[in-house]
Amino acid sequence: MVAILRCTSDEETFLAHLRRPGQFEAGWESVGERDVWKSSHVVLVVTGQASGRPLVEYVGHAKSGRRAGTFRKTIEVTQLHRIKPPVPMEQLSDLMHPRHRRVTGLSGALTKRAGEELLDALTTSRADLADVIARLQERVGGFRILGRVRELFVEERDATGLALQLGGFDRSIIGEARFPDEDGDRVPVLATLPGHPAHEDHLVFHDAQRFSDWIGSDAEHLAKRVFSKGDQKLFIANVNRLPAEDTLGIDLIYHHVNRDSFVLVQYKKMQQMGAGRSEWGYRPDADLDEQLKRMRDVEEACRKLDQEPPLDYRLDPQPCWIKFCKAEQTAPKGDALIGGMYLTREHIEWLRHQPGLATGPKGGEVFGYHTVPRYFDNTTFTQLVQDGWIGTRGKASGIIRDQIEASLNGSRSLVFAALIGDEMTQAERTRERRGGSAG
């Protein structure tokens, strides 16, 4: 979708003082009419209203936000690109079909056809903007995934967003990730996010040093960042050692430092199959067999460390999960996580021995929505990890470093996350939502 935002004089002054790339990426928050600002848009930012000669001086991304009164809402404007020299709106109007010219005098979201004509007029007037607008359109309409570089980037972005959500942090920042070119080099997701990378000295020193030692420094691509919320800090690292064509997939290792608990999530891609390619499924292969064996070894090591009697109750104290997700050709919009099925290692092996379950129409093994009757989705999995119902207990940190090394030696990329600090219990969060009442 396409929208027009007409700046106030104060907003024009603010924009005129932007200098650094990070400032343009972060943008600003405007306010508009609630009825005409919905969803996400490629936005043409117009200045010169007071002079009566409106100019398209910036293009960027606009997303409707929270309510700002009875009939208004905030508009988050990011990824700005300054147009030099600005393009007069009158010039664009002259290039448009007569029936759509009136939109050049509007503010807010445009109809699909009118928006397309306006962008066509802009790129006709300024051919140098074609690549900029194409990138913005991808962000609004979804990034196309045709090659291995973007395929892995989408998984890494999802694992990074999942790590934020598991720690109880706002994951919306992953919606700002800049996708790499299909034929370009691999870039860690954290390296593409706006703002300044956090410094390790924000953490307790020995924790920061320990995480760095675990991860090492010989990765081909490595990016680290710390997110803070009250007394809590979440350390996240994206670690890649191999080029895209040699990387088998993504592992997420999430470590809750205070609980000394961890969870391992491995990503597996489901492909379209069946009549009309209407179903999605994953066919087990030698790689899955190898990973399940590795997971059994991990869980056996954790079992030996488990405390007896347990000091922290779990529904399941085993750490190993697989997320089966669709191999879509378009990335999820904004900060949405990839939909998928979370299954434990034990559940997967149980399904493989049950006649009629995880079985395709021709009798072969298939893990998909149509063959697996029960699984966790993103919401359920996240809630159970946050509340400490699943994940290891005992001295888990003693084997995490080995699992980091195993992931990278197993030709997989890694998202490692460590939460430091106590979080609210489920009961405390419930009381907070209810305004402090105990009932």
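Everything here concerns the structure above.
Report follows, based on the coordinates. (Residues numbered from 1 in each chain as written. Predicted model: local features only at pLDDT ≥ 70, side-chain atom pairs only at ≥ 80, totals over all residues. Heavy atoms only, no water.)

## Brief notes about the packing of helix α8 (residues 286-305) against helix α11 (residues 397-409)
So, step 1. Running from N to C, α8 and α11 point in directions that differ by 175°, and their axes come no closer than 11 Å. As the angle between them shows, α8 and α11 are arranged roughly antiparallel. Between α8 and α11, the residues in contact are Arg294, Val298, Ala301, Cys302 and Leu305 and Ile399, Gln403, Ala406 and Ser407, respectively.
So, step 2. Taken together, the residues that form the contact of α8 with α11 break down as six nonpolar, two polar and one charged. (Axes fitted to C-alpha atoms, helices over the stretch in contact; angles between N-to-C directions. Helix = DSSP H or I, 4+ residues; strand = E, 2+ residues; numbered from the N terminus. Parallel < 35°, antiparallel > 145°, perpendicular 65-115°, else oblique. Contact = heavy atoms within 4.5 Å. Nonpolar A, V, L, I, M, F, W, Y, C, P; charged D, E, K, R; others polar.)

## Concerning the environment of Lys112
So, step 1. In this structure, Lys112 sits in helix α4 (residues 112-125).
So, step 2. When the C-alpha positions of Lys112 and Met1 are compared, they lie 6.1 Å apart, and in sequence the two are 111 residues distant.
So, step 3. At 2.7 Å, the side chain of Lys112 and the side chain of Glu116 are in polar contact. (Polar contact = N/O pair within 3.5 Å; in protein donor to acceptor, adjacent residues only side chain to side chain.)

## Regarding the layout of surface pockets
So, step 1. There is about 310 Å³ of room inside the second largest pocket.
So, step 2. In this structure, the second largest pocket is lined by 16 residues; those nearest its centre are Leu343, Thr344, His347, Arg374 and Phe376.
So, step 3. Considering only residue class, the lining of the second largest pocket consists of 11 nonpolar, two polar and three charged. (1 Å grid on protein atoms, 1.4 Å probe; cavity = no way out; pocket = protein on both sides within 12 Å on 5 of 7 lines; lining within 4 Å. Points joined across faces, edges and corners; volume = space filled by probe spheres on them.)

## A word on a nonpolar patch on the surface
So, step 1. Taken together, Tyr313, Leu315 and Trp389 make up a surface patch of nonpolar side chains, about 340 Å² in accessible area.
So, step 2. Along the chain, Leu315 turns up in the loop between α8 and β12 (320-326). (Patch = residues over 30% accessible without salt bridge, like charges linked within 9 Å, V, L, I, M, F, W, Y side chains within 5 Å. Areas by Shrake-Rupley, 256 points an atom, 1.4 Å probe, with all protein chains shown as cover. Salt bridge = Lys/Arg side-chain N within 4 Å of Asp/Glu carboxyl O.)

## Here's the deal with the pattern of salt bridges
Proximity of charged atoms lets side chains of opposite charge pair with each other.
So, step 1. A full pass over the atoms with the stated rule returns 22 salt bridges.
So, step 2. A salt bridge links Lys268 to Asp287; the shortest N-O distance between them is 2.5 Å. Of this pair, Lys268 sits in strand β10 (residues 261-273) while Asp287 sits in helix α8, placing them 19 residues apart in sequence.
So, step 3. Linked through salt bridges whose partners overlap, the residues forming this network are Lys112, Arg113, Glu116 and Glu117.

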